[in-house]
Every structure is written in C-alpha cells, then in structure tokens.
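Descriptive structure summary
Take a look at the letters that make up each chain.
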Amino acid sequence: MVRACKGFAGETGINYVTPMTTRPILIHPDPRLKKVAEPVGEITDKIRVLAEDMLETMYAAPGIGLAAPQVGVGARILVMDCVKEEGAPARPMVLMNPEVIGSSDDANVYEEGCLSIPDQYAEVTRPSEVDVRWLGLDGEIHEEHFDGLWATCVQHEIDHLDGKLFIDYLGPLKRQMITRKMQKLKREKARA
Ligand code: K1U
Ligand code: ZN
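The paragraphs below set out a description of the structure included in this document. All figures in this text were calculated on a predicted structure; none of them were measured in a lab.

What about the site of ligand 1?
As a matter of local geometry, ligand 1 sits amid 15 residues, with Ile64, Gly65, Gln70, Leu115 and Glu157 nearest to it. The side chain of glutamate 157 places a nitrogen or oxygen atom 2.6 Å from an oxygen atom of ligand 1. Here histidine 160 contributes a side-chain N or O atom positioned 3.4 Å from an oxygen atom of ligand 1. For ligand 1, the accessible surface in isolation is 530 Å², of which the surrounding protein chains cover 79%. Of all elements in the fold, only β6 (107-114) and α2 (148-161) reach the threshold of two or more residues within the shell around ligand 1. In terms of residue count, the dominant contributor to the shell around ligand 1 is α2 (five residues). For the shell around ligand 1, the class distribution of residues is six nonpolar, seven polar and two charged.

A word on the coordination of the zinc ion (ligand 2)
Distances from the zinc ion (ligand 2) to its protein donors, namely Cys114 (SG), His156 (NE2) and His160 (NE2), fall within the range 2.0 to 2.3 Å. Read from N- to C-terminus, the donor residues coordinating the zinc ion (ligand 2) fall into the pattern C-x41-H-x3-H. Of this pair, cysteine 114 sits in strand β6 while histidine 156 sits in helix α2, placing them 42 residues apart in sequence. Using a relative accessible area of 8% as the deciding quantity, one classes cysteine 114 as buried.

Re helix α3 (residues 172-191)
Here α3 spans 29 Å end to end across 20 residues, near enough to the 28 Å set by a 1.5 Å rise per residue. Taken residue by residue, α3 has Ile178, Thr179 and Met182 as its buried positions. The buried residues of α3 occupy an angular sector of 100 degrees when the element is viewed end-on, so they sit on one face. Seen from the open side of α3, the exposed residues pointing more than 90 degrees away from its buried face are Leu173, Arg180 and Arg191. The elements touched by buried residues of α3 are β7 (117-127).

Some points on the sheet that holds strand β3 (residues 65-67)
The five strands lie next to each other as β3-β4-β5-β8-β9, forming an open sheet whose pairing is antiparallel. This sheet does not close on itself; its edge strands, each paired only once, are β3 and β9 (141-147). Taken over all neighbouring pairs, the strand axes of this sheet differ in orientation by 40 degrees on average, direction set aside. Where strand β5 (residues 93-103) meets strand β8 (residues 129-135), five bridges bridge the pair, whose relative direction is antiparallel. When the sheet's bridge partners are listed, serine 103 is paired in β8 with valine 130. Sheet contacts for helix α1 (residues 45-60): β3, β4 (77-80) and β5; angle to β4, the most-contacted strand, approximately 40 degrees. Against the sheet, α2 makes contact with β3, β4, β5, β8 and β9, and its axis sits at roughly 155 degrees relative to β4, the strand it touches most.

Looking at the packing of aromatic side chains
One pass over the full model with this rule turns up two aromatic pairs. Relative to phenylalanine 146, the ring of tryptophan 134 lies with its centre 6.1 Å away and its plane at 35 degrees, an arrangement referred to as tilted. Taken together, the residues span a long stretch of sequence, with tryptophan 134 in strand β8 and phenylalanine 146 in strand β9 at a distance of twelve residues. Judged by its relative accessible area of 4%, tryptophan 134 falls in the buried class. An aromatic cluster of three or more residues is present, and its members are Trp134, Phe146 and Trp150. When the ring centre of tryptophan 150 is taken as origin, the NZ or CZ atom of arginine 91, which lies over that ring, is 5.7 Å away.

Definitions and limits used
- Residues numbered from 1 in each chain as written.
- Chains lettered and ligands numbered in written order.
- Predicted model: local features only at pLDDT ≥ 70, side-chain atom pairs only at ≥ 80, totals over all residues.
- Heavy atoms only, no water.
- Near = heavy atom within 4 Å.
- Polar contact = N/O pair within 3.5 Å; in protein donor to acceptor, adjacent residues only side chain to side chain.
- Areas by Shrake-Rupley, 256 points an atom, 1.4 Å probe, with all protein chains shown as cover.
- Helix = DSSP H or I, 4+ residues; strand = E, 2+ residues; numbered from the N terminus.
- Nonpolar A, V, L, I, M, F, W, Y, C, P; charged D, E, K, R; others polar.
- Donors = N, O, S within 2.8 Å, 3.2 Å for Na, K, Ca; no water.
- Buried < 20%, exposed > 50% of the residue type's maximum accessible area, 1.4 Å probe, protein only.
- Expected span 1.5 Å × (residues − 1).
- Arc of directions from axis to C-beta.
- Contact = heavy atoms within 4.5 Å.
- Pairing = 2+ DSSP bridges.
- Axes fitted to C-alpha atoms, helices over the stretch in contact; angles between N-to-C directions.
- Phe/Tyr/Trp six-rings, centres within 6.5 Å; stacked < 30°, edge-to-face > 60°.
- Lys NZ or Arg CZ within 6 Å of the ring centre and 35° of its normal.

Written as structure tokens, this is what we have:
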C-alpha cells in the first residue's frame, strides 16, 4: 500500500509519501530472537524504511512496542507507542542504539505480553522508572525519563535487542511450558 505517513510525522522524522509494509513477526523459539543485535551506524534509507515498517507492523498487530529482531533484522532499533488510544498513532517513537543510563531503585510488576509469544502473559518485575539515551532518525542523540507502561515497554524492547525475552525472567518450568505451547503453535501454523 502506498500512502502518506502523516500519523508518523513529528519526532520520528517519518513524514513523506512512501510504501508501508507490515513484516512477519518471528515466533519463539527462533535463534534470531536469541542474538545480540548490532548497533546502527549510518542512518540510511534502508533504516528509515525498516523503522516505518516496524511502526506499521506494531500498530497492525496490535502492540505497544516492537524490536527489529522480532522482524528478523539484527539491528539495535525499537519502536513504541504506549499511549492507549484507539485510532491514529498517538506518540510513535523510533529509538536506535538505546541505552538505559539510569534506573530507579523501586520496582514495578507488570503482566507482560510479547508479539513473539502470542497469547502468553506473565508478571515481570523491572525498575519502575528509567532514563534512556538513544539515536533518533533525525541523527540527534535524545535522552528521556520514562515511567509507567513506557518504562516497562522500553526495557522489554531493549531486552529484545540483547536476545532476551520476558519468559527468561520466569522459572524454568513456566518457561518450558510456554516454549512447548509456542512449538505446538508453530507446527500447527506450518501445517495450515
Ligand atoms: O515487544 C513486543 O513483543 C511487543 C509487546 C510490548 C510489551 C507489552 C507489554 C509489556 C511490555 C512490553 C506488546 O505490545 S504485546 C501487546 C500489548 O501489550 C498490547 C496490545 C494492544 C493494546 C495494548 C497492549
Ligand atoms: Zn516482546
């Protein structure tokens, strides 16, 4: 589909007419989800298209975040929009080479999900607030303090860039049970 990315304008720097594509999301277990992603060097058109496709894929899923390894690209790029509103994108963000540069001592428990582990949810404890530094599509370094769902989401997505899934925080039995369910789901999808 070719359409103007009006909704993605603003801080993402994506505001031109371009084909937008959703990409297939990898399902756990997949070795590409376990790899540490490579830092982004130059901001090329290929990177811009990837970021745009990731936002499109995230909104279509629907989800509040997505990391490049989930669409099979081993680059340190994540997108997120945790504004809970129906309809148009609210605050689409593209973070490249994100780093947590500070985190609160107090923790937050959130029942997390993952687009690579469909229909499975579990409580994960993480710092409730984090300071994050990243490279934006505008070529500038950004820093922001995140709390609430944004803090949970950005940590979940940075984990993806380090080859880590939310189930890695669970005990071995629960993790194995979820992994088996996903193996079954993948076998069924392959047969269909
Ligand atoms: O990384 C991902 O797989 C995306 C994931 C992000 C996330 C969810 C919950 C806690 C931390 C990180 C999702 O978006 S799962 C879907 C989801 O949470 C959601 C979907 C529609 C509306 C609201 C939330
Ligand atoms: Zn995830």
